[in-house]
There are 2 protein chains.
Amino acid sequence: MLLCDIGNTTASFLNEQKFHSMSIEQFLHYEPTQKTFYINVNPNLEQRLKQNPLFINLAPYFNFDTIYSNLGVDRIAACYTIEDGVVVDAGSAITVDIISNSIHLGGFILPGIESYKKSFTSISSRLKYELNTQINFDAFPQRTIDALSYGVFKSIYLLIKDSAYDKKLYFTGGDGQFLANFFDYAIYDKFLIFRGMKKAVCENFIL
Amino acid sequence: MLLCDIGNTTASFLNEQKFHSMSIEQFLHYEPTQKTFYINVNPNLEQRLKQNPLFINLAPYFNFDTIYSNLGVDRIAACYTIEDGVVVDAGSAITVDIISNSIHLGGFILPGIESYKKSFTSISSRLKYELNTQINFDAFPQRTIDALSYGVFKSIYLLIKDSAYDKKLYFTGGDGQFLANFFDYAIYDKFLIFRGMKKAVCENFIL
């Protein structure tokens, strides 16, 4: 089974246990040679995908309980195997979704970590820094790099913690592993979205 | 006494009680006709200001107790009249500084609200929204505009609240009044930076 998750910056593939990814620019020249179950949140690619019958859009096959309007299919897929918990997908944006008894209670969105960095750079050349991933949340920062890192990481941390109460936390996405480290009990699952896609395939298709 | 606070996007003036401001582009053509006490955080303007003797840089005249490296002079000025409290300057960036017994304990930086909006737009055209200033923090969002607004405003709110404990909150800057509304006890002072500048002038100059 070939699965493909198309985001804003990257297209990721899972073929049985093998994972690979490419930039959206590369994906524009990609031609599938076998049936490919995909999800896509990139409005620019919809037409192209529809034109090739080897691309099968999985979006209509998720049977997901939510009242959220136009919830992104990537967020649905990430939540689809979780019965109870908070799902954090930390990529170009950070999406956070809360699930209870397999019902989606809602969710929120923050910029991705890279995006925070770009914001600072565009505000002032004096705020152009890599972030300090070892930042200490228990002491007020005493230099710019720490002031930026504390602002970004602790504000993300506090908002996720606030939404979690005693729920389990599931992280995925490029910065998922890093953000999971701020929490005592958190699960990082690189393939959370693919697990959801696989479940949708298995519920709906005879392979 | 003419005071001038030069930021990344705007130059603001206070002449006795009269306030006015101009964009940095306009300020490039501004010629002072009287002695102007200024603070400036815009690295591109430093040379130009030094060339005109009517411009008097106030930065060396703040007697401010901090171990923070290279603390921006606008943040020093905003804190300069506060003995105990948390000072939030919400402009193109949001700076938060903690003062206890007239000692600066440290501080942190977040993107400004406009900057969060720009981040979302540059991540995906699907995230291009005005933010909902009436967002409810007590219910998980059920649509994109609320998911973005909850992410931005509640993450800013929680981090400021976390740093404040029982201290008084002082807000200034373009989004200061709006952010102050999220807190039960907060003071909004449009002229906080000018108050600090005035104090530095009075301590150091015979006018």
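Residues numbered from 1 in each chain as written. Chains lettered and ligands numbered in written order. Predicted model: local features only at pLDDT ≥ 70, side-chain atom pairs only at ≥ 80, totals over all residues. Heavy atoms only, no water.

**Student:** Could you give an account of the relation of the copies chain B and chain A, naming the residues involved and the relevant values?
**Tutor:** After a rotation of 180° and a shift along the axis of 0.0 Å, chain B superposes on chain A with an RMSD of 0.0 Å. As the rotation angle and translation indicate, the two copies are arranged about a two-fold axis. Proximity to the rotation axis, assessed at the C-alpha, singles out B:Ser155 in chain B; its C-alpha lies 2.5 Å from the axis. Residue by residue, 100% of the interface of chain B is reproduced at the interface of chain A, so both copies engage with the same surface. (Least-squares fit on C-alpha atoms with pLDDT ≥ 70 in both. Contact = heavy atoms within 4.5 Å.)

**Student:** For the layout of surface pockets, give the residues involved together with the corresponding values.
**Tutor:** Approximately 1300 Å³ is the volume attributed to the largest pocket. B:Asn8, B:Asp74, B:Gly91, B:Ser92 and B:Ala93 are the residues nearest the centre of the largest pocket, which is lined by 50 residues in total. Its boundaries defined by the atoms lining it, the second largest pocket holds a volume of some 1100 Å³. Lining the second largest pocket are 44 residues, and of these A:Gly7, A:Asn8, A:Val41, A:Asp74 and A:Asp89 sit closest to its centre. Of all the secondary-structure elements, those providing two or more residues to the lining of the second largest pocket are strand E1 (2–6), strand E2 (10–15), strand E3 (18–23), strand E4 (36–40), helix H3 (73–79), strand E7 (93–100) and helix H7 (192–204) of chain A together with helix H5 (144–164) of chain B. (1 Å grid on protein atoms, 1.4 Å probe; cavity = no way out; pocket = protein on both sides within 12 Å on 5 of 7 lines; lining within 4 Å. Points joined across faces, edges and corners; volume = space filled by probe spheres on them. Helix = DSSP H or I, 4+ residues; strand = E, 2+ residues; numbered from the N terminus.)

**Student:** I'd like to hear about the domain arrangement of chain A, residue by residue, with values.
**Tutor:** Size of an interface: often given as the accessible area lost when the parts come together. All names here are of chain A. What the domain assignment lists for chain A is domain 1 (2–57) and domain 2 (73–197). Taken over C-alpha atoms, the centre of domain 1 sits 25 Å from the centre of domain 2. The interface of domain 1 with domain 2 comprises 14 residues on the first partner and nine residues on the second. Counting each side, the surface lost to burial between domain 1 and domain 2 is near 920 Å², with a carbon and sulfur contribution of 81%. Where domain 1 packs against domain 2, one counts zero salt bridges. (Domains from an automatic or database assignment. Buried area = accessible area lost by both parts, 1.4 Å probe. Salt bridge = Lys/Arg side-chain N within 4 Å of Asp/Glu carboxyl O.)

**Student:** Kindly report on the UniProt feature "binding site: ATP" (unreviewed entry) in chain A, identifying the contributing residues and their values.
**Tutor:** All names here are of chain A. If you check UniProt for "binding site: ATP" (unreviewed entry), the listed places come out as Asp5, Ile6, Gly7, Asn8, Thr9, Thr10, Ala11, Ser12 and Ser92 in our numbering. Their sequence span is 88 residues, while the largest C-alpha to C-alpha distance among them is just 14.0 Å; these annotated residues converge on one region. In this structure, the second largest pocket is lined, among the annotated residues mentioned, by Asp5, Ile6, Gly7, Asn8, Thr9, Thr10, Ser12 and Ser92. In this fold, Thr9 is placed in the loop between E1 and E2. A relative accessible area of 49% places Thr9 in the partly exposed class. In contact with Thr9, other than residues within four places in its own chain, are Ser23, Ile24 and Ser92. Engagement of the side chain of Thr9 in a polar contact is seen with the side chain of Thr10, the distance being 3.3 Å. The residues touching Thr10, leaving out its near neighbours within four places in the chain, are Asp5, Ser21, Met22, Ser23 and Ile24. (UniProt positions renumbered as here; feature names shortened; annotations may be inferred. Buried < 20%, exposed > 50% of the residue type's maximum accessible area, 1.4 Å probe, protein only. Polar contact = N/O pair within 3.5 Å; in protein donor to acceptor, adjacent residues only side chain to side chain.)

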